[in-house]
Amino acid sequence: MAILLAPYFEKNGCTVDFALVKARRKKQISQAQITGFGLEGKMRWVSVEDLCSGDGLAYFDIVICCLEGASTRRFLHHSSKLGARRPLVISVYPGLVLRYQYDGYSMRTGSDLVWLNCEADRDAFVQMCAAFGLNSDGARVFGIPSLLQSIERPKDASNGPVVFFEQAVIPRYHDERLFLAQKLIQLSRKYPKLTFLIKARTLGDNTSLHRTWHPIDRLLKEVAQRDGGMPKNLSLTAESASQLLAKASHCLTISSTVAAEAISAKIPTAIISDFGAHEDYGLPYFFSSGLMRRLDDLKFPFDQKPSIEWQSRFITDPKRTVDNLVVETIQLAGEPRQSMAERSPNSEMSPELRQFLIQRNGVENVLLRRYQVRKHHRSVLTKMWSGVIRRFRP
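Please read all numbers here as calculations on a predicted model, not as lab measurements.

A.B. asks: Before we move on, could you go through the sheet that holds strand β11 (residues 269-272) and cite the residues and values that matter?
C.D. replies: Sheet architecture is open: six strands sit in the order β9-β8-β7-β10-β11-β12, paired in parallel fashion. Sheet topology places β9 (234-237) and β12 (292-293) at the edges, where each strand pairs with a single neighbour. Set on the sheet, helix α8 (residues 216-226) makes contact with β8 (196-199) and β9; between it and β9 the angle comes to about 160 degrees. Across the sheet, helix α10 (residues 257-264) touches β7 (162-165), β10 (250-253) and β11, and the angle it forms with β11 is around 160 degrees.

If you want it as structure tokens, here you go:
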């Protein structure tokens, strides 16, 4: 998202630096991915604490946070020590807000501007702020950032492959994902003249921030070995989403940002509904889309099209908004700023609760929500254990 946004700021006279925030102790991104993004030699690895220490952050006029919630929360907290010398902060969602909608909004209310994906998201954000007495003047409808990258499709794309886009944790559990693998193999056998590609979340050395509990490639092999082998018209691919959307005849996914990209590119799209109306799987976003189908009900070619009303509320093209938003941002960057410490975090939790939790757990454990674990009553356990010892003592 940062790569896609940078040219619009550079066009308006800004110099753009890239920093990749460490959000995981183990490998977060592969060298091949960094090279593929064109960031080699342009990017530095940072921790949130290092980025916000000293006067380094004060050097910048604008910070664009394309971060997940926990890193956003930590950045807003640690940057507060700069007071009014801090840069203007914009929070941009790097994908659709499919799960934990208000939780994510609440982590970003400390930003000067929150660039939201669509009108429905803006309305929900404003409603939340009003309920907690917060100022929502910084809420903007920006659009889905990945739509800044145009998808060029050939005239014969209708003859291209059917592409299923795997997600790391949707569905999450082994037997659900095994069912998915089984149904994809059955679907490819049902339509032997079509080519089916599965875009795996990670293949080879590549990785992602969301960890897949049960990768689709292993489950496909398990099903194929049991049920007569892998169909010849079904294969896995490590091609990028944009490469696949350029040639796909159809797009299949459960709930993903790629669905919005496919719909915008006028690719026939189905939202797989077999896994139910679970908020944790992001299906509510697509309830009114008219695109939800069970795998057994799919018939190629598709005849369903997205609801025009739904599309106008839930999918916004950032090419229509980005130029004005960048100009506004640069103007605001030249104005005096309020200290981050003066911005209320009420929608995330009350200041009193935050202070209580910090006193008991420490700042970092609160920012990372490590306090959200089940704690046992030590005195009760001690009595129970003492009773067991006495019972077996001679």
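A.B. asks: Give me the packing of aromatic side chains: which residues, what numbers.
C.D. replies: The full count for this structure, using the stated rule, is 15 aromatic pairs. Here the aromatic rings of Phe9 and Trp115 are separated by 6.5 Å at their centres, their planes lie at 15 degrees, and the arrangement is stacked. Within this pair, whereas Phe9 is found in helix α1 (residues 2-10), its partner Trp115 is found in strand β5 (residues 113-116), the two being separated by 106 residues in sequence. Each member of the pair, Phe9 as well as Trp115, carries the same accessibility label: buried. Taken together, Tyr93, Tyr102, Tyr105 and Phe125 form an aromatic cluster joined through their ring pairs. Its end group placed over the ring of Tyr93, Arg108 keeps NZ or CZ at 4.1 Å from the ring centre.

A.B. asks: Which residues make up the nonpolar core, and what values do they have?
C.D. replies: Formed by 48 residues in total, the largest nonpolar core has its most connected members in Leu180, Leu252, Ile254, Tyr285, Phe286, Leu298 and Phe300. Of all the elements in the fold, those that place two or more residues in this core are β7, α7 (174-190), β8, α8, α10, β11 and α11 (308-314). Here this core takes six residues from α7, the largest share from any one element. Discounting residues that sit within four places of it in the chain, Leu252 has contacts with Val162, Val163, Phe164, Phe165, Leu187, Ala270, Leu298 and Phe302.

A.B. asks: Talk me through the packing of α1 against helix α12 (residues 322-333); I want residue IDs and the actual numbers.
C.D. replies: Angle between the axes and distance between the axes: these two values describe a pair of packed helices. In the contact formed by α1 and α12, the axes pass within 10 Å of each other and the chain directions differ by 65 degrees. The handedness of the crossing between α1 and α12 comes out as right-handed. Contacts between α1 and α12 involve Leu5, Tyr8 and Phe9 on the former and, on the latter, Val322, Asp323, Val326 and Thr329. For the contact of α1 with α12, the residue count by class is five nonpolar, one polar and one charged.

What counts, and at which threshold
- Residues numbered from 1 in each chain as written.
- Predicted model: local features only at pLDDT ≥ 70, side-chain atom pairs only at ≥ 80, totals over all residues.
- Heavy atoms only, no water.
- Pairing = 2+ DSSP bridges.
- Helix = DSSP H or I, 4+ residues; strand = E, 2+ residues; numbered from the N terminus.
- Contact = heavy atoms within 4.5 Å.
- Axes fitted to C-alpha atoms, helices over the stretch in contact; angles between N-to-C directions.
- Phe/Tyr/Trp six-rings, centres within 6.5 Å; stacked < 30°, edge-to-face > 60°.
- Buried < 20%, exposed > 50% of the residue type's maximum accessible area, 1.4 Å probe, protein only.
- Lys NZ or Arg CZ within 6 Å of the ring centre and 35° of its normal.
- Core = buried A, V, L, I, M, F, W, Y, C linked by side-chain atoms within 4.5 Å.
- Left-handed = near helix turned anticlockwise from the far one by under 90°.
- Nonpolar A, V, L, I, M, F, W, Y, C, P; charged D, E, K, R; others polar.

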